[in-house]
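# Observations on chain architecture
Next come the chains, spelled out residue by residue.
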Amino acid sequence: MAISARPRQALAIAGAIGLALSATACGTGSSSNSGSNNADSAECAPYEKYQGHDGKTVTIYSSIRDLEADRLAESWKQFEDCTGITINHEGSGEFEAQLPVRVDGGNAPDLAFIPQPGLLARFAERNQLKPASADTKAMAEENYPADWLKYSTVNGTFYGAPLGSNVKSFVWYSPKMFQEKGWTVPTTWEEMIKLSDTIADSGTKPWCAGIESGEATGWPATDWIEDVMLRTQTPEVYDQWTTHQIPFNDPRVAEALDRAGTILKNEKYVNGGFGGVRSIATTAFQEAGVPITQGKCALHRQASFYANQWPEGTRVAEDGDVFAFYFPAIDPAKGKPVLGGGEFVTAFNDRPEVQAVQTYLASGEHANSRAKIGDWVSANNKVDLANVANPIDKLSVEILQDDSSVFRFDGSDLMPAAVGAGTFWKGMVEWINGGNTASVLQGIESSWK
Amino acid sequence: MNFDFAEQSPKLMMLLWGLIAFAVVVGGLLVLLDAVPAFFARRREARLVAASASGAPLPGRSRSREGLFATFFLLPTILLLMIGLVVPALRTTLLSFMDGGSQNFVGLDNYRWMFADDAIVRVLLNTLIWVTLVPLVATSIGLLYAVLVDKARMEAVAKSLIFMPMAISFVGASIIWKFVYAYRGEGEEQIGLLNQIVVSLGGEPRQWLLDSPLNTLLLIVIMVWIQAGFAMVVLSAAIKAIPADIVEAARLDGVSPWQMFAQITLPSIRPALIVVVVTISIATLKVFDIVRTSTNGNYDTSVIANEMYNQAFRYGQNGQGSALAVFLFVLVVPIVIFQIRNIRQQRREG
Amino acid sequence: MTTTTPPVAAGTQDETPTTRASRVRKRLNSRTATLVAIVIAVVWTIPTFGLFVSSLRPENQIKTTGWWTFFRDPEFTLQNYQDVLFGQSSGSGQLANYFVNSLVITLPSVLFPLAFAAMAAYALAWINFRGRDWVYIAIFALQIVPLQMALVPLLSFFSRGVSLGGVTLMPAWNLDGAQNFAQVWFAHTCFALPFAVYLLHNFVSQLPGDLMEAARVDGATHPKIFRTIVLPLIAPALAAFGIFQFLWVWNDLLVALIFAGGSDVTAPLTVRLAELAGTRGNEWQRLTAGAFVSIVVPLIVFLSLQRYFVRGLLAGSVKG
């Protein structure tokens, strides 16, 4: 976030020497690197179309912080240098709760990276978002599959392109352990269940899971259900479910729950390294896969971003300490369903420099610039696989760019927050904690108005 | 660490401005208050002289002048409270009659929703348990400790041990206690202190946070852990404010420590005791960080403030969130009535 | 705010004639008392101590074994502190920067409510005007208004100003950079006042009436009584409130997130520490060290304000 340290330093020294009273005038500090504009160099050729906003500042608010935020800032550094636009990014763990407060309070950021299409739709319906410019829209349509763009389109108006993505249909395992024990990576659901039985018979609980995540407790279980739902039903039924065209307690949803329950609520299968079924509810999702590295558990279903959660020194690779395989399909006739998530670049202001940044973030230049820095996945089809170093990211990008994949967005992020971030999460916690499928689904259904 | 002092100068300058503003506002008010009445006093004196010359009766200490003083003393507080709290409270009340997006009026729907929900009864009950237990236990422990370490050796250190939890934020405290309550299956190595103790005593590890109503009590422990420090600090200050001669006289009479506590200490610190109980009660009604961080209201542990936060800030249901907030306002009414009676009594005694 | 009242020697003479039996009982009493105090202190300290030990352990160990195993098998590291203080990410390279921000936010946010509330408390207790009890009760009742409900209107007050029927009564503040601190001070002061007035009123109204009366007979005006008599006498209460307000502001995340604008120019330590865990909380072991880095300053404040809790401060001047 220390974007323009050097020019500011000079300014501040002047202040310290004795121009003390000018403090109120020079307090801004961040919009002062317009002097470093070297727009004419060859490196800047790709940014030509974004020129003309020298000295302007664009503020961005997101839930991305620490190391990832630094990498993001690095990814648009050259854009800033070439265009003279300063991007002030702020990441917060309270993003979902704070953004509406800022918007309602008249202090909205210029751009926000919104990870929930449901929240995006809420802002759009209250007329608080600005529609994306024609340039942004063209750029997005060129670079992203239509599957993705429909999630940022509300009532026919397009509000912004995706940025980062993640693939959730992964099962983490230890290649080393598999090799030692002579197990093979399953490619169908039956193989996976058979493998689970083999492992269980060998005296190890095959699966480990954890859904505790502070105020977001429950979300990993909703991912499980969605992933299974996408495998037992067609993508169309999945869409009807997330848009409430079929009730939440539809028998088809109950079937998905019960199917997931054959693993998650099976005392023989879970919860390796932690205890029984109920311990899933109190195990932090960050630690849930760790028993794999200790040989106490063999399988852990979690998204691609779990690569960053492994203890330091764990090698993530196909022949390393841990890796992930694609969560197998149940019915091969339904294709290769992929559950995923990501964030959308949406605008609360339509100043030209804001639109320029919004367009740039949808471009292949930015996607590759960010991919080169590492640990990043995007559905942007301009991403060059050669720029993706991390094996799990590579696998994710391959799956996202694969034409046979049927992509669907994380369902709980599509539902209204009161359900998707409320009763659905809570219902899953109750379900893990012993609640029966019918009454849990009934409870969620009655909360969806 | 590449700490650049020059970079800090605009901020320090801002701090300086803030302090200057403070001096100007507060000092200015007091000086103004000194100057204005003096001016009026001179005029009054002149009038008095004139009046006595004409033989009229002397006017008393004017009540309106008292009012003028009061206005100036109260002005900053009332102004800030209007902007910062009164307007928001009125707005919240208004929003509680509107829909989730605050677009249309929906009448009493939000209140109906509140009482139609089965879970809300549980939430109310929990809030009641919280607001009964926390002030009682926290104040008792704080008082006990304040009395015990009063004048003891290393009093400052002893007090800062109890005070320390207060210096940790609610969220931080909840994380600490989540560690204490952590669970690992039987046979696994425990990482939570409580289960480790249970296991080393030969018991079976338990999922502390899953079982109602024990889990609510365990969350209350966190709040007590934090608030006992508050109670201790205020009560300790009150104990220290008991006039030394009273204590001395009692000691000369040879009273036992228990009698001293019941007959001297307790009556003398009664006002402070009320402050502590009332303050902790209100803080408890409003607390949500602990529940949110520990269980997010799952397993029958939710309280009203947590529901309010979820509805208004996470679910985008401003109407329902506001209705819950208004309900909190209502819950504080008994405390307000108690306070009114209290102040009446004080006036009668005084 | 220095006290001018000479500290009165505390009653330390223990030469009261006592029988042998009572002396024994007393010793027993004090022994149980000490024991109970120690038990409370230990129970209260253990969770924090566990966190402290954890902060010195490597990430793997924290996540897989209990902190007490540290003593059996000590594996010691300063990595967590290194991460917090010097960090891997560019922002965290300047933790001192956030310390300064916290300090700049905290000082005025403590002083303003302290002064305003002391004045209000005095007026409500000792100036006789109509309706004062109702004003007091109203201020008291405002304590219940949840902070969260006040965020949107107050933010709107800063960013849009106040207008009534198209007439602008107050323009938007339009602050930039370090000026944003003013918003934070304003917000903290508003939110602190009900409790401050309540706490201080209780102390101020306990002051002996004859003292005020005597001063008034001598011709002292309200401001003079307030400055020369009341303020020194309520020093312990001021110190107590000062401590709480300091803690509240120092530990606050919510108000800072909304009003400080979040950039590294104004964001306080809490905002930085909250970021340290990473986007998905994968580095949460850093929070253990972070908690101790941020706890140091409040503890220093507490220990240094302790000396204002002096026995017999009142006794010297009252009812002699």
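For clarity, every value in this text was computed on a predicted model and none was experimentally measured. (Residues numbered from 1 in each chain as written. Chains lettered and ligands numbered in written order. Predicted model: local features only at pLDDT ≥ 70, side-chain atom pairs only at ≥ 80, totals over all residues.)

## A look at the overall build of chain B
A count of helical and extended segments in chain B gives 15 helices and 0 strands. Taking 2.2 N^0.38 as the reference for a compact globule, 350 residues should give roughly 20 Å; the C-alpha atoms of chain B span a radius of gyration of 27 Å, well beyond that estimate. Taken over the C-alpha atoms alone, chain B extends approximately 100 × 70 × 55 Å along its principal axes. For chain B, the proportion of its 350 residues judged to be buried stands at 46%. Long-range contacts, defined as pairs at least 24 residues apart, comprise 67% of the intrachain contacts of chain B with a sequence gap of at least 6. (Helix = DSSP H or I, 4+ residues; strand = E, 2+ residues; numbered from the N terminus. Rg over C-alpha atoms; globule rule 2.2 N^0.38 Å. Buried ≥ 20, exposed ≤ 12 C-beta atoms within 10 Å, placed from the backbone. Contact = placed C-beta atoms within 7 Å.)

## As for the overall build of chain A
For chain A, the count of helices and strands is 19 helices and 11 strands. Relative to its length of 449 residues, chain A is compact, with a C-alpha radius of gyration of 23 Å against a globular reference of 22 Å. Counting over 449 residues, chain A shows a buried share of 55%. Summarising the internal contacts of chain A: among those between residues at least 6 apart in sequence, 75% fall at separations of at least 24.

## Observations regarding the packing of helix H4 (residues 118–149) of chain B against helix H11 (residues 270–286) of chain B
A pair of packed helices is characterised by two quantities: the angle between their axes and the separation of those axes. Residue and element names in this part refer to chain B. Put simply, H4 and H11 touch, their axes get as near as 9 Å, and they point 140 degrees apart. Here H11 runs oblique to H4, going by the angle between their axes. When the axes of H4 and H11 are compared, the crossing they make is right-handed. Seen from H4, the contacting residues are Trp-130, Val-131, Val-134, Pro-135, Ala-138 and Thr-139; seen from H11, they are Val-276, Val-277, Ile-280, Ser-281, Thr-284 and Leu-285. (Axes fitted to C-alpha atoms, helices over the stretch in contact; angles between N-to-C directions. Parallel < 35°, antiparallel > 145°, perpendicular 65-115°, else oblique. Left-handed = near helix turned anticlockwise from the far one by under 90°.)

## With respect to the sheet that holds strand S8 (residues 300–301) of chain A
The strands making up a sheet associate through hydrogen bonds between their backbones, and the pairing can be parallel or antiparallel. All names here are of chain A. Strand order in this open sheet of 3 strands is S8-S7-S9, and the pairing throughout is antiparallel. Of all strands in the sheet, those bounded by a partner on one side alone are S8 and strand S9 (323–326). Pairing analysis gives 4 bridges linking strand S7 (residues 170–173) to S9, with the strands arranged antiparallel. Paired with Tyr-173 across the strands is Phe-323, a residue of S9. (Pairing = 2+ DSSP bridges.)

## Quick notes on the interface of chain B and chain C
Opposite the 100 residues of chain B that make contact, chain C presents 105 residues. Per-class residue counts for the side of chain B that touches chain C are 72 nonpolar, 18 polar and 10 charged. (Nonpolar A, V, L, I, M, F, W, Y, C, P; charged D, E, K, R; others polar.)

## Observations regarding the interface of chain A and chain C
Contact residues are listed per partner, giving 35 residues for chain A and 32 residues for chain C. Elements represented by at least two residues in the side of chain A that touches chain C include exactly helix H2 (67–75), strand S2 (86–91) and helix H4 (95–104) of chain A. In terms of residue count, the dominant contributor to the side of chain A that touches chain C is H4(A) (4 residues). Partitioning the side of chain A that touches chain C into residue classes produces 8 nonpolar, 17 polar and 10 charged.

## Topic: the domain arrangement of chain A
Residue and element names in this part refer to chain A. According to the domain assignment, chain A consists of domain 1 (42–167 + 340–406) and domain 2 (170–326 + 416–447). The gap between the C-alpha centroids of domain 1 and domain 2 is 29 Å. The partner domain 2 presents 16 residues to the 13 residues of domain 1 that form the contact. If you list the elements that add at least two residues to the side of domain 1 that touches domain 2, you get helix H5 (117–125), strand S6 (162–167) and helix H16 (391–401). The biggest single contributor to the side of domain 1 that touches domain 2 is H16, with 5 residues. (Domains from an automatic or database assignment.)

## A word on the UniProt feature "transmembrane region" (unreviewed entry) in chain B
Here the UniProt-annotated "transmembrane region" (unreviewed entry) positions come out as residues 12–33, 68–90, 128–149, 161–180, 217–239, 260–283 and 322–340 of chain B. Taken as a whole, residues 322–340 of chain B contains 95% helix and 0% strand, while its terminal C-alpha atoms sit 26 Å from one another. (UniProt positions renumbered as here; feature names shortened; annotations may be inferred.)

## Digging into helix H14 (residues 352–361) of chain A
With 9 of its 10 residues buried, H14(A) lies for the most part within the structure. Among the residues of H14(A), those classed as buried are A:Glu353, A:Val354, A:Gln355, A:Ala356, A:Val357, A:Gln358, A:Thr359, A:Tyr360 and A:Leu361.

## Description of the pairing of strand S11 (residues 405–409) of chain A
Residues and elements named next belong to chain A. In terms of residue burial, S11 counts as a mostly covered element, since 4 of its 5 residues are buried. Sheet topology places strand S10 (residues 336–347) next to S11; 5 bridges connect them, and they run parallel. Paired with Leu-339 across the bridge in S11 is Arg-408.

## Side note on the packing of H11(B) against helix H8 (residues 180–205) of chain C
Packing of H11(B) against H8(C) brings their axes to within 9 Å, and their N-to-C directions diverge by 165 degrees. If you check the angle between H11(B) and H8(C), you find them roughly antiparallel. Along this stretch, H11(B) crosses H8(C), giving a crossing that reads as right-handed. For the pair H11(B) and H8(C), the contacting residues are B:Pro271, B:Ala272, B:Val275 and B:Thr279 in the first and C:Phe195, C:Leu199 and C:Asn202 in the second. When its residues are assigned to classes, the contact of H11(B) with H8(C) shows 5 nonpolar, 2 polar and no charged.

## Focus on the UniProt feature "domain: ABC transmembrane type-1" (unreviewed entry) in chain B
Here, the residues flagged by UniProt with the feature "domain: ABC transmembrane type-1" (unreviewed entry) are residues 124–341 of chain B. Spanning residues 124–341 of chain B, this segment combines 73% helix with 0% strand, and its end C-alpha atoms are found 26 Å apart.

## What to know about unusual backbone geometry
With an omega of 10 degrees, the peptide bond running from A:Val270 to A:Asn271 counts as cis. Its location among the elements puts A:Asn271 in the loop between helix H12 (251–264) and helix H13 (279–282). In this structure, B:Pro213 follows B:Ser212 across a cis peptide bond, with omega equal to 0 degrees. On the secondary structure map, B:Pro213 appears in the loop between helix H7 (193–200) and helix H8 (214–240). Residue A:Asn155 is not a glycine yet carries a positive backbone phi of 50 degrees. Locating A:Asn155 in the fold gives a position in the loop between strand S4 (153–154) and strand S5 (157–158). Not every positive phi belongs to a glycine, and B:Tyr299 is a case in point at roughly 55 degrees. With respect to the helices and strands, the residue B:Tyr299 is situated in the loop between helix H12 (289–294) and helix H13 (304–314). Overall, the presence of 23 C-beta atoms within 10 Å leaves B:Tyr299 in the buried class.

## Here we look at the nonpolar core
B:Val234, B:Leu235, C:Tyr122 and C:Leu200 are the most contacted members of the largest nonpolar core, which totals 314 residues. Filtering out sequence-adjacent residues up to four positions away, B:Val234 remains in contact with B:Ala272, B:Val275, B:Val276 and C:Ala240. (Core = buried A, V, L, I, M, F, W, Y, C linked by C-beta atoms within 7 Å.)

## Brief notes about the environment of C:Leu211
Summarising the element assignment, C:Leu211 is placed in helix H9 (residues 209–217). In this structure the C-alpha to C-alpha distance between C:Leu211 and C:Ser304, which are 93 residues apart in sequence, comes to 30 Å.

## So, the environment of C:Ser163
Turning to its location among the elements, C:Ser163 is positioned in strand S1 (residues 162–164). Setting aside residues up to four positions removed in sequence, C:Ser163 forms contacts with C:Thr168 and C:Leu169.

## Side note on the confidence of the model for chain B
All names here are of chain B. With 93% of its residues at a pLDDT of 70 or more, chain B has an overall mean of 85. Confidence, expressed as mean pLDDT per element, reaches its minimum in chain B at helix H1 (residues 5–54) with 77 and its maximum at H4 with 91. Interface predicted TM-score (ipTM) for the complex: 0.85; the corresponding pTM is 0.86. (pLDDT = per-residue confidence, 0-100.)

## A closer look at the confidence of the model for chain A
In the predicted model, chain A carries a mean pLDDT of 87, and the fraction of residues at 70 or more is 91%. Segment residues 1–36 of chain A is flagged for pLDDT under 50; beyond a separation of four residues in sequence, or across chains, it makes 71 contacts in the model.

## Observations concerning the pairing of strand S2 (residues 167–170) of chain C
All names here are of chain C. Direction of pairing for S1 relative to S2: antiparallel, over a ladder of 3 bridges. What sits directly across from Val-162, in S2, is Met-170. Hairpin connection of S1 to S2: 2 residues between the antiparallel strands, including Gly-165 at a positive phi of 55 degrees.

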